Amino acid sequence: MSFRFKQFYIEDSKCAMKVGTDGVLLGCWAETEDVRCQMSDFRILDVGTGSGLIARMMMQRFPEAEVEGIDIDEAAVEQARENGVQAYVSRLQEWKKEGGYDLIVSNPPYFQNSLKNPDKGRELARHTDSLSYEELIDHSARLLREGGQLALILPADKEAEMRQIAASKNLFLTHVTRVYSKESKPARRVLLAFRYQISDISRTEDTLVLEDEKGGRSTAYQELTKDFYL
């Protein structure tokens, strides 16, 4: 299926995990320092790139940056390349980059100890067997430059666990956005941003409600995604 955004198309027919709200949210929300992202050697890595959606969003937002994506699914990597992403078949645990990255983004696997999907591709994409939270944090810290950032989207109930793991690897929380589908419902997702080896920074905590009272996109959601959604 093809999805049209303002400046690019994404085809996801070969991918186990399809284009969805989580990826769009992270692609719009992931932040970095304005000065650094203008540098010619600014580097971004999308872990578990899938169709390449988040990587393409990074390419639009930071046109001077070198953006790469990795995924363990060969079909997904082929799709990401077709979508214009510099993508590679690799596990994060085995990926190396001389000089490291300034920003790592990931919409990681999130199911733990749950029933496996008979579709092997969706199983790999959705379950932490292929990339545990500890491995994600450990290898992101290995690949980040000092002061670099890690931006993630997770189920809301995984926030405390991820914050604890990150703190043990010198990744310091700078921004938390808790995402609600409606104001009357519990948070369903959380967006987390960490800085590597920089602890003396302020922290921002806020919320995002996706739907207005009529079930349409809220004003805040429209503002966040205005450069991408038609």
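Everything numeric in this text was worked out from a predicted model, so none of it was measured. (Residues numbered from 1 in each chain as written. Predicted model: local features only at pLDDT ≥ 70, side-chain atom pairs only at ≥ 80, totals over all residues. Heavy atoms only, no water.)

K.L.:
Explain the overall build of the chain to me, and be specific about the residues and the numbers.
P.N.:
Helix and strand counts for the chain come out as seven helices and ten strands. In the chain, which comprises 230 residues, the share counted as buried stands at 52%. By sequence separation, contacts in the chain at least 24 residues apart represent 69% of the contacts at least 6 residues apart. As displayed, the chain has an accessible area near 11200 Å², and 46% of this comes from carbon and sulfur atoms. (Helix = DSSP H or I, 4+ residues; strand = E, 2+ residues; numbered from the N terminus. Buried < 20%, exposed > 50% of the residue type's maximum accessible area, 1.4 Å probe, protein only. Contact = heavy atoms within 4.5 Å. Areas by Shrake-Rupley, 256 points an atom, 1.4 Å probe, with all protein chains shown as cover.)

K.L.:
Outline the sheet that holds strand β6 (residues 101-106), listing residues and values.
P.N.:
Backbone-to-backbone hydrogen bonds join strands into a sheet, with any given pair of strands oriented parallel or antiparallel. If you walk across this open sheet you meet the eight strands as β5-β4-β3-β6-β7-β9-β8-β10, and the pairing is mixed. Of all strands in the sheet, those with a lone pairing partner are β5 (86-89) and β10 (204-209), marking the two edges. Neighbouring strand axes in the sheet, compared pairwise and without regard to direction, differ in orientation by 20° on average. Pairing of strand β3 (residues 43-47) with β6, which is carried by four bridges, proceeds in the parallel orientation. Paired with Val 47 across the bridge in β6 is Ser 106. With respect to the sheet, helix α3 (residues 74-82) is in contact with β4 (66-71) and β5, its orientation differing from that of β5 by roughly 170°. (Pairing = 2+ DSSP bridges. Axes fitted to C-alpha atoms, helices over the stretch in contact; angles between N-to-C directions.)

K.L.:
Help me get a handle on the nonpolar core, residues and values and all.
P.N.:
One broad rule of soluble globular proteins: the nonpolar side chains tend to lie buried together. Core analysis: the biggest nonpolar cluster contains 36 residues, and Phe 5, Leu 26, Ile 44, Leu 53, Met 58 and Val 105 have the highest contact counts within it. Only α1 (21-29), α2 (53-61), α3, β6, β7 (144-155) and β9 (189-196) provide two or more residues apiece to this core. In contact with Ile 44, not counting residues within four places along its chain, are Met 58, Phe 62, Ala 65, Glu 66, Val 67, Glu 68, Tyr 101 and Leu 103. Judged by nonpolar contacts, the second largest core, of 28 residues, contains Tyr 101, Tyr 133, Leu 152 and Tyr 196. (Core = buried A, V, L, I, M, F, W, Y, C linked by side-chain atoms within 4.5 Å.)

K.L.:
Any chance you could break down the packing of α1 against α2 for me, citing the residues and the numbers?
P.N.:
Contact geometry for α1 and α2: axes closest at 9 Å, N-to-C directions at 25°. With respect to α2, the axis of α1 lies roughly parallel. Helix-helix and strand crossings are classified by hand; for α1 and α2 the assignment is right-handed. For the pair α1 and α2, the contacting residues are Gly 23, Val 24, Leu 26, Gly 27, Cys 28 and Trp 29 in the first and Leu 53, Ile 54, Met 57, Met 58 and Arg 61 in the second. Tallied by class, the residues present in the contact of α1 with α2 amount to eight nonpolar, two polar and one charged. (Parallel < 35°, antiparallel > 145°, perpendicular 65-115°, else oblique. Left-handed = near helix turned anticlockwise from the far one by under 90°. Nonpolar A, V, L, I, M, F, W, Y, C, P; charged D, E, K, R; others polar.)

K.L.:
Break down unusual backbone geometry for me, citing the residues and quoting the values.
P.N.:
One non-glycine residue, Asn 170, adopts positive backbone phi at about 60°. Turning to its location among the elements, Asn 170 is positioned in the loop between α6 (159-167) and β8 (171-180). On the basis of relative accessible area, Asn 170 is assigned to the partly exposed category, the value being 39%. Phi at Gln 197 takes a positive value of approximately 65°, unusual for a residue other than glycine.

The analysis is restricted to geometry; functional conclusions fall outside its scope.
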